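# Understanding the architecture of this molecule
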Protein chains: 2
Amino acid sequence: MSTLESDTSFGLELPERVDVFDTTLRDGSQFEGISLSVDDKLRIAEQLDYLGVTWIEGGYPQANPKDSEFFRRAAAGELQLDTSRLLAFGSTRKPLGKTDSDPTLQALLDAGTETLCIVGKGSAWQVREALGTTLEEGRAMAADSVRFLKAAGRRVFFDVEHCFDGYKEDSEFTLSVLESAALAGADCIVLCDTKGGSLPHEVQAITAEIARYLDGVNLGIHTQDDTGCAVANAVAGVLGGATQVQGTINGYGERTGNADLITVIPNLTLKLGIETLPEGRMERLGPVSRHVAELVNLPLNPAAPYVGTSAFAHKAGLHTSALRRAGTTAYEHVDPALVGNHSRVLVSDLGGRTGMSMKADEFGVDLDGRAAGSLNDTLKDLEAQGWVFEAADASLELLMRRAAGWTQPYFRTEAYRVSGYHREGADGDPELATEATLKVWVGDDRIASVGEGNGPVNALDAALRTALAPHYPQLDRIHLTDFKVRVLDGGAATGATTRVLIDSTDGEETWTTIGVSPNVIEASWMALVDSLVFGLNHSAV
Amino acid sequence: MSTLESDTSFGLELPERVDVFDTTLRDGSQFEGISLSVDDKLRIAEQLDYLGVTWIEGGYPQANPKDSEFFRRAAAGELQLDTSRLLAFGSTRKPLGKTDSDPTLQALLDAGTETLCIVGKGSAWQVREALGTTLEEGRAMAADSVRFLKAAGRRVFFDVEHCFDGYKEDSEFTLSVLESAALAGADCIVLCDTKGGSLPHEVQAITAEIARYLDGVNLGIHTQDDTGCAVANAVAGVLGGATQVQGTINGYGERTGNADLITVIPNLTLKLGIETLPEGRMERLGPVSRHVAELVNLPLNPAAPYVGTSAFAHKAGLHTSALRRAGTTAYEHVDPALVGNHSRVLVSDLGGRTGMSMKADEFGVDLDGRAAGSLNDTLKDLEAQGWVFEAADASLELLMRRAAGWTQPYFRTEAYRVSGYHREGADGDPELATEATLKVWVGDDRIASVGEGNGPVNALDAALRTALAPHYPQLDRIHLTDFKVRVLDGGAATGATTRVLIDSTDGEETWTTIGVSPNVIEASWMALVDSLVFGLNHSAV
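Residues numbered from 1 in each chain as written. Chains lettered and ligands numbered in written order. Predicted model: local features only at pLDDT ≥ 70, side-chain atom pairs only at ≥ 80, totals over all residues.

## A look at the overall build of chain A
- Counting its regular elements, chain A contains 17 helices and 16 strands.
- If you line up chain A on its principal axes, its C-alpha atoms span 80 × 65 × 45 Å.
- Within chain A, the fraction of its 541 residues that count as buried is 57%. (Helix = DSSP H or I, 4+ residues; strand = E, 2+ residues; numbered from the N terminus. Buried ≥ 20, exposed ≤ 12 C-beta atoms within 10 Å, placed from the backbone.)

## Some remarks on the UniProt feature "domain: Pyruvate carboxyltransferase" (unreviewed entry) in chain A
- Here the UniProt feature "domain: Pyruvate carboxyltransferase" (unreviewed entry) sits at residues 18-284 of chain A.
- Segment residues 18-284 of chain A splits into 45% helix and 15% strand. End C-alpha atoms: 18 Å apart. (UniProt positions renumbered as here; feature names shortened; annotations may be inferred.)

## A look at the nonpolar core
- Counting 211 residues, the largest nonpolar core has A:Phe158, A:Ala181, B:Phe158 and B:Ala181 as the members making the most contacts within it.
- Contacts of A:Phe158, omitting those with residues within four sequence positions, involve A:Ile118, A:Gly120, A:Ala142, A:Val146, A:Ala181, A:Ala186, A:Ile189 and A:Val190.
- In terms of nonpolar packing, the next biggest core, distinct from the first, is built from 103 residues, A:Trp387, A:Leu460, A:Val516 and B:Phe411 among them. (Core = buried A, V, L, I, M, F, W, Y, C linked by C-beta atoms within 7 Å. Contact = placed C-beta atoms within 7 Å.)

## Description of the environment of A:Thr223
Residues and elements named next belong to chain A.
- Looking at the secondary structure, you find Thr223 in the loop between β7 (219-222) and α8 (230-240).
- When the C-alpha atoms of Thr223 and Gly196 are compared, they prove to be 6.3 Å apart, with 27 residues separating the residues in sequence.
- Those residues within four positions of Thr223 in sequence are excluded, and the remaining contacts are Asp193, Gly196, Ala230, Asn233, Ala234, Gly237 and Ala259.

## Description of the interface of chain B and chain A
- Contact residues are listed per partner, giving 102 residues for chain B and 106 residues for chain A.
- Partitioned by chemical class, the residues of the side of chain B that touches chain A number 41 nonpolar, 38 polar and 23 charged. (Nonpolar A, V, L, I, M, F, W, Y, C, P; charged D, E, K, R; others polar.)

## Details of the sheet that holds strand β14 (residues 479-487) of chain B
Residues and elements named next belong to chain B.
- The 3 strands are arranged β14-β15-β16 in an open sheet whose pairing can be described as antiparallel. Bordering the open sheet on either side are β14 and β16 (510-517), each of which pairs with just one other strand. Direction aside, neighbouring strands of the sheet carry axes that sit 15° apart on average.
- Direction of pairing for strand β15 (residues 498-505) relative to β16: antiparallel, over a ladder of 8 bridges. Within β16, the residue paired with Leu501 across the bridge is Ile514. (Pairing = 2+ DSSP bridges. Axes fitted to C-alpha atoms, helices over the stretch in contact; angles between N-to-C directions.)

## Observations regarding the pairing of strand β7 (residues 219-222) of chain B
Residues and elements named next belong to chain B.
- Here β7 shows a buried face lined by Leu219 and Ile221 and a second buried face lined by Gly220 and His222.
- Bridging between strand β6 (residues 188-192) and β7 involves 4 bridges; their strand directions are parallel. Each bridged residue has a counterpart across the sheet, and for Leu191 the counterpart in β7 is Ile221.
- On the question of chirality, the crossover connecting β6 to the parallel β7 by way of helix α7 (residues 200-213) is right-handed.
- As paired strands, β7 and strand β8 (residues 244-247) are joined by 3 bridges and run parallel to one another. (Right-handed = clockwise from strand over helix to strand, strands pointing away.)

## A short note on the sheet that holds strand β8 (residues 244-247) of chain A
Residues and elements named next belong to chain A.
- Strand order in the closed barrel made by the 8 strands is β1-β2-β3-β4-β5-β6-β7-β8, with parallel pairing throughout. Sheet twist, expressed as the average angle between the axes of neighbouring strands with direction ignored, equals 25°.
- On top of the sheet, α8 reaches β6 (188-192), β7 and β8; it is set at about 170° to β8, its chief contact.

## As for helix α6 (residues 163-183) of chain B
All names here are of chain B.
- Compared with an ideal rise of 1.5 Å per residue, which puts 21 residues at 30 Å, α6 spans 18 Å between its outermost C-alpha atoms and falls more than 12% short.
- The principal kink in α6, of about 130°, is found at Asp170.
- Buried residues belonging to α6 abut β4 (115-121), α4 (124-131), α5 (135-151), β5 (155-161), β6 and α7.
- With its phi angle positive at about 110°, Gly185 sits one or two positions after the end of α6. (Expected span 1.5 Å × (residues − 1). Bend = angle between axes of the 7 residues up to and from the residue.)

## Notes on helix α14 (residues 369-385) of chain A
- Compared with an ideal rise of 1.5 Å per residue, which puts 17 residues at 24 Å, α14(A) spans 25 Å between its outermost C-alpha atoms and is within 8% of the ideal.
- A positive phi of about 110° marks A:Gly386, the residue just after α14(A).

## Things to note about the pairing of strand β11 (residues 412-423) of chain B
- Strand direction decides the pairing type here: strand β11 (residues 412-423) of chain A and β11(B), joined by 9 bridges, are antiparallel. Residue A:Gly420 lies in a different strand from β11(B), and its bridge partner there is B:Val418.
- Pairing of β11(B) with strand β12 (residues 431-442) of chain B, which is carried by 11 bridges, proceeds in the antiparallel orientation. What sits directly across from B:Tyr421, in β12(B), is B:Ala433.

## Focus on the packing of helix α5 (residues 135-151) of chain A against helix α6 (residues 163-183) of chain A
All names here are of chain A.
- Interhelical geometry of α5 versus α6 gives an angle of 25° and a closest axis separation of 8 Å. Regarding the angle of α5 to α6, the classification is roughly parallel. As α5 packs across α6, the resulting crossing turns out to be right-handed. Residues Leu135, Gly138, Arg139, Ala142, Ala143 and Val146 of α5 form the contact with α6, whose own contacting residues are Phe173, Ser176, Val177, Ser180, Ala181 and Leu183. (Parallel < 35°, antiparallel > 145°, perpendicular 65-115°, else oblique. Left-handed = near helix turned anticlockwise from the far one by under 90°.)

## Some words on unusual backbone geometry
Residues and elements named next belong to chain A.
- With a phi angle near 55°, Arg255 is a residue other than glycine that sits in the positive phi range.
- With respect to the element layout, Arg255 can be found in the loop between β8 and α9 (261-272).
- Overall, Arg255 belongs to the buried group, with 26 C-beta atoms counted inside 10 Å.
- Within the chain, Tyr306 stands out as a residue other than glycine whose phi angle is a positive 70°.
- For Tyr306, the position within the fold is in the loop between α10 (285-296) and β9 (313-314).
- Judged by the 28 C-beta atoms lying within 10 Å of it, Tyr306 falls in the buried class.

## Here we look at the packing of helix α4 (residues 124-131) of chain A against α6(A)
All names here are of chain A.
- Interhelical geometry of α4 versus α6 gives an angle of 95° and a closest axis separation of 7 Å. Accordingly, the angle class assigned to the pair α4 and α6 is roughly perpendicular. Together, Ala124, Trp125 and Gln126 of α4 and Gly166, Glu169, Asp170 and Phe173 of α6 make up the contact between the two elements.
- Across the contact of α4 with α6, the residue classes break down as 3 nonpolar, 2 polar and 2 charged.

## With respect to the environment of A:Leu375
Residues and elements named next belong to chain A.
- Tracing the backbone shows Leu375 in helix α14.
- Along the primary structure Leu375 and Asp170 are separated by 205 residues, whereas in three dimensions their C-alpha atoms are 68 Å apart.
- Residue contacts for Leu375: discarding those within four places in its chain leaves Met356, Leu367, Met400 and Ala403.

Take a look at the structure:
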């Protein structure tokens, strides 16, 4: 399959190379739910270097003491970069202030990076209303600050805040700020869609107009996802003439997020033939996306382009015959291996022998004809009861192994009991207690354990881990990341069947297991057992 | 704040109106993790009508018996549409087959909708490799099928699968398929980016070339998110000349999903001034997005453009002084109220007073100023914990009554205990038992009851009904019709907060109640108690 279609530029002149500027550690950390320690930041920076982005914006040292510490520890040798270069972020001097006594500019110089990025306002309305100063002073703040940092021998990128809105309102002022910064020596002028309200055709047209006006100046593009177009706007900026593209891993960022570099990079390279990462790094997109999601402790979107678990999952239906005839290629826009992902044929809809033997190959399970036949019957029964294996590959793999004669050797359950207690308190808040008792066998060793938790499943999880920990210390690395309950056949209400899905990780791989039962505790137990057995089986290899 | 910027078209000719075509019930249901019952589909269709989309694609009757049942029940009066129109989806006749004996075409006619949509291949490679037939036959399949359905008096939309890839590979063939379908009478030709691999500048250029070639034919645009550009590609299709835009609520769809109509609609209307929904419906985007997410039981992306809880959340940092000086407007690309959302700054929103007093009027609850103020605080606390009252009016009504000084007079809980037991059996099937014991007071009467069930919630429900039945025979008429569990804050996995929603009916009215707790049993108990109290309170009137 060719990944580069013919004539994708539609007559546009494309750059040979675009620099990738990552701001996960600065703009990305503004995402609701993200709160990074200095250690987290160091580990994310290592991932960015492993991926091979050109620039890593490490933080805003003047505004954030943690960021100062990050730069100090990075400079002290705690961050070894092979490919990427680190830079610090700040803003221009204050209105009517002096550059040489400005705390932000001083903090930037103190961060000790060769390259610095400062932000200034590119909109007349913002200068007047948000800064409360004159347009002339707005221009001077930009030019003075760039000149000051250049005089200190640094490479300087200038982020033009509200550039597109400013240009639409009063292009003359916006162009004059850009020109002032360029004349002061800025090494790259970055056009920012700060409110994120622009559409791609606007970004492309305005970037092209600015590129013509500032002929020869390096331009960057920084976009936000408020119209759901951050990625498209980043690409549009490049089509308009930008040669630096700013974004974050997994699109983390303020409000709706920034342009997702995990998508922008293959769009530029695989679709438009523009060089971004060093040779051989593209297939690290999937692993880095997953690893950073772990570090920031947010679930990865399964529908994420290129790297999501669903990105190359084929449920068929309409497409079954085409899939059978032409393979997954017929429905894949790029080869998933190029971006560190792989195809999945969702077994239920393809049904029958073909899909199943494709899955068995994928798992490395050797199914003979008889085992395949009986597995096929089992699957049909289970699916009729509400099991959905397309969402739970790990449980499917275990089921296939069992069909091929395998029995999990790690532990055997004898019994569990869960009890939940609620008593009204005098103050209106009830007293709650949940406890699970468990009896399991590991070999000839019978273990009775107790777990407490804030709910029945949590208590069972605790009891099982307590029982198994002495025998399987590797369970320490395995933890559950998501837990979903779906009630099937809602008509029977509280008597209905429940389906529980559990996502787990050992820090590298992630997997999903399933349990189905009218009893939500039993369904959870099934998914929990499969999660740990799968994790043990894969860590044993 | 102006929502429509000046000169956003950059010289392009924009249509006055674009028809919104929703395929949540067909393409959206292909999303991994979505599995819709016929009841779910009917309720989603009601939401689509409430929003006011032009077209609702209800399903693929030939491929899916559930979809046939959906169309049957819709036609039998179970779906009342005020604004939208329902249509059925299918494919063209088989290669070398006959139209009048084709099961797909027959199932389409049987679905009974005035409008039908059929899909055919627009790529020479796909016709040869995936269908295994000749280009001539590929064209004939399209033309014959359109002609057959038109002859039956239907309005026919023709989805051109792989249109953009096909055009890039062999534009002559693709144009010939489009032309054949148009000459056969198709009322709209929908250009589909089936693999989702295109970028906006390609979609816009190719759509414009096709619009020129098929001068005067209505075009539609159907995009997928495999390059993270589904929304931008939908807009690009409109800029290129399409006047029907296909997508789904919240972007559900195969692999990475379809164009998210919740984003596309305001992009077209608020950004480009193109009419989409009927007057006054735009502010329903937020509520409908949330309601459909509940119905499909998937968490809503907090970073979703326009409607996400983070979409207008200002964490400030860099922007604090601008926010203080110029208000949130300085960082919002549209007024959030226009799309049914609101700003959040630092502490929680000003939200609610107006909305709350409207709700109180609706419920007939008399809230004085002090009660309203304290209710407002309570609501903020509860919402921060994961309570969502939009989806649970009955619990909101009870909360308001309590804020106004009411105490439910029906029963008082003293305590409950639930216990679940699992012991491995000799035959591999475990022995399971669940039991709930309950102590409640009705007036001065203390009642202890036991309930058994196939799960903890079912057992509690049984115990509560056993206790109350002698005093409240009307409980006989009240039963639970649906029970949903959602796990919030997935990062904490089995220790996470759970939200339970229970739908109930007394045969005439239906109502929804909510409970939130880290303990799934306690959350269910809360929703269960509210359900019965609400039922008793309304049956008493």
